[in-house]
Each structure stands twice: as structure tokens, then as C-alpha cells.
There are 2 protein chains.
Amino acid sequence: MATSGNITTAGTGSPCGACKFLRRKCLSDCIFAPYFSSEQGAERFAAIHKVFGASNVSKLLLKVPIHDRCEAVVTIAYEAQARLHDPVYGCVSHIFSLQQQVDKLSGH
Amino acid sequence: MATSGNITTAGTGSPCGACKFLRRKCLSDCIFAPYFSSEQGAERFAAIHKVFGASNVSKLLLKVPIHDRCEAVVTIAYEAQARLHDPVYGCVSHIFSLQQQVDKLSGH
């Protein structure tokens, strides 16, 4: 199990899902380890890697305080999935749709 | 002026904003040229490059039909700007906020 304080990989020595996907050694200070489990994290990371790139996400996370990184990963994963599902609009289609609902409900 | 039909760079031979930012030669089939002007496109491209990476965006645009690429660039630029402005939530903060408005207006 990964922990977010002193970032460590599984006691089993398994790489995190991101390092598994990237086929690299998962070091003890791996920035992705707390957020991508060895079991299911690789698939989640694949979408993020395809849309944003591992290096860009790593740089972005380094700029975010550690207690905000989990939320950052959640929203990045959401954006990545939405962009793969809808390459033209990505999650911006949700914004358009919600804006229309707000306008309709407001009677505009 | 860049055109989106037969992709060409400016008659002046100026590179598009993306190639200007990337400091590379802007070829006649540059995928970015129709969407990033030589004058103001570099700044717009900088945000996209920082968040998504030029290579990922280029691959994404190649998968999108040419008549949808302008919209794709607009939404990618929007997501990139939002992520630079709010590294934790990016444009997902707009989705949360709109969802709250919808819930409130619906009386939930």
C-alpha cells in the first residue's frame, strides 16, 4: 500500500501503477506512487500519460502542496478520460451542457 | 495569414505562433499553423505546451477531423489556461461550480 506522507511503494516492492505503465523502477520518492496503485493504477495512468504526458503531470504535481495532490490527480484523470472520450471538446462539453442547464433554469 | 484548407504559413514566411514558441521551422503542412497566428499565437501556445505538451496535442489534433480542429484547439487552450490558473482543479472547478448552481436552481 502506498502512503502519502513518506512516500513509499508497496511493502511487496511492487511498482506503482504509473511506474508499471512506464516500465521503470519505482523509487521510494516516486511522486505518482501515492495515487496509482500497483493493481489498478496503470490503466488510470495510461489515460493521463496519453493526454498530458508523464513529465508534464509530474512537474504540475511538484508545484502543488502535497495535501492537494490527490485532488489534482483526480481532476487531471477526469480531464484525461473526458478528452479521450471526446477528443474535440473533452470535459469542456460538460461545462457547455451545465451552462445551458443554468441558463434554462434561470429562465434566460 | 494562415489558412485551414491547404495549410500554409504567412505569405511573409513568418512561422506560426506554435513554431515561433518551439523555435522551429514552420513547414507548409504544420498542424498548428491554422490556429496560432505569428503575432499572438505564441503566448496561447505556451500554455498548451506547458500543460499538454506539443507532441501530445499534435497527436490529438491528427485524430480529429480537420473541420473540428479549431474547436479542439479552443477547448484545449481553455483547459490549459484553467490548469495554469488553478493547478489543483483546473477547469474542473468550473464544473463543480456550475453543478452547484444547477442543484441550487433545481431546489436540490
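Residues numbered from 1 in each chain as written. Chains lettered and ligands numbered in written order. Predicted model: local features only at pLDDT ≥ 70, side-chain atom pairs only at ≥ 80, totals over all residues. Heavy atoms only, no water.

Chain A appears in an unreviewed UniProt entry as LOB domain-containing protein from Brassica oleracea var. oleracea. Within the UniProt record for chain A, the comment given under Sequence similarities (unreviewed entry) is "Belongs to the LOB domain-containing protein family." (UniProt positions renumbered as here; feature names shortened; annotations may be inferred.)

A. Just the relation of the copies chain A and chain B, in detail. Laying chain A over chain B is done by rotating through 180 degrees and shifting 0.0 Å along the axis; what remains is an RMSD of 0.0 Å. This pairing of chains is accounted for by a two-fold axis. Measuring from the rotation axis to each C-alpha of chain A, the shortest distance belongs to Phe52 of chain A, at 2.2 Å. A share of 100% of interface residues in chain A that are also interface residues in chain B marks the association as one of identical surfaces. (Least-squares fit on C-alpha atoms with pLDDT ≥ 70 in both. Contact = heavy atoms within 4.5 Å.)

B. Geometry of the interface of chain A and chain B. Counting residues at the interface gives 31 residues for chain A, matched by 31 residues for chain B. Around 2700 Å² of area is buried between chain A and chain B when both sides are counted, 66% of it from carbon and sulfur atoms. Our count for the contact surface shared by chain A and chain B stands at 2 salt bridges. The tally of links from chain A across to chain B stands at 10 residue pairs in polar contact (both at pLDDT 80 or more). Among the secondary structure elements, those contributing two or more residues to the side of chain A that touches chain B are helix H2 (41-51), helix H3 (54-63), helix H4 (69-85) and helix H5 (92-105) of chain A. Per element, the largest residue contribution to the side of chain A that touches chain B is 8 residues, and it comes from H5 of chain A. Its residues placed into classes, the side of chain A that touches chain B shows 16 nonpolar, 9 polar and 6 charged. (Buried area = accessible area lost by both parts, 1.4 Å probe. Salt bridge = Lys/Arg side-chain N within 4 Å of Asp/Glu carboxyl O. Polar contact = N/O pair within 3.5 Å; in protein donor to acceptor, adjacent residues only side chain to side chain. Helix = DSSP H or I, 4+ residues; strand = E, 2+ residues; numbered from the N terminus. Nonpolar A, V, L, I, M, F, W, Y, C, P; charged D, E, K, R; others polar.)

C. Quick peek at the packing of aromatic side chains. All names here are of chain A. The full count for this structure, using the stated rule, is 11 aromatic pairs over all chains. Each ring, one from Phe32 and one from Phe36, has its centre 6.0 Å from the other, and the planes form 75 degrees; the classification is edge-to-face. The pair formed by Phe32 and Phe36 is uniform in burial state, with each residue classed as buried. Members of the aromatic cluster, joined through ring pairs, are Phe21, Phe32, Phe36 and Phe45. For the cation-ring pair, Arg44 lies above Phe36, with the distance from its terminal atom to the ring centre recorded as 5.5 Å. (Phe/Tyr/Trp six-rings, centres within 6.5 Å; stacked < 30°, edge-to-face > 60°. Buried < 20%, exposed > 50% of the residue type's maximum accessible area, 1.4 Å probe, protein only. Lys NZ or Arg CZ within 6 Å of the ring centre and 35° of its normal.)

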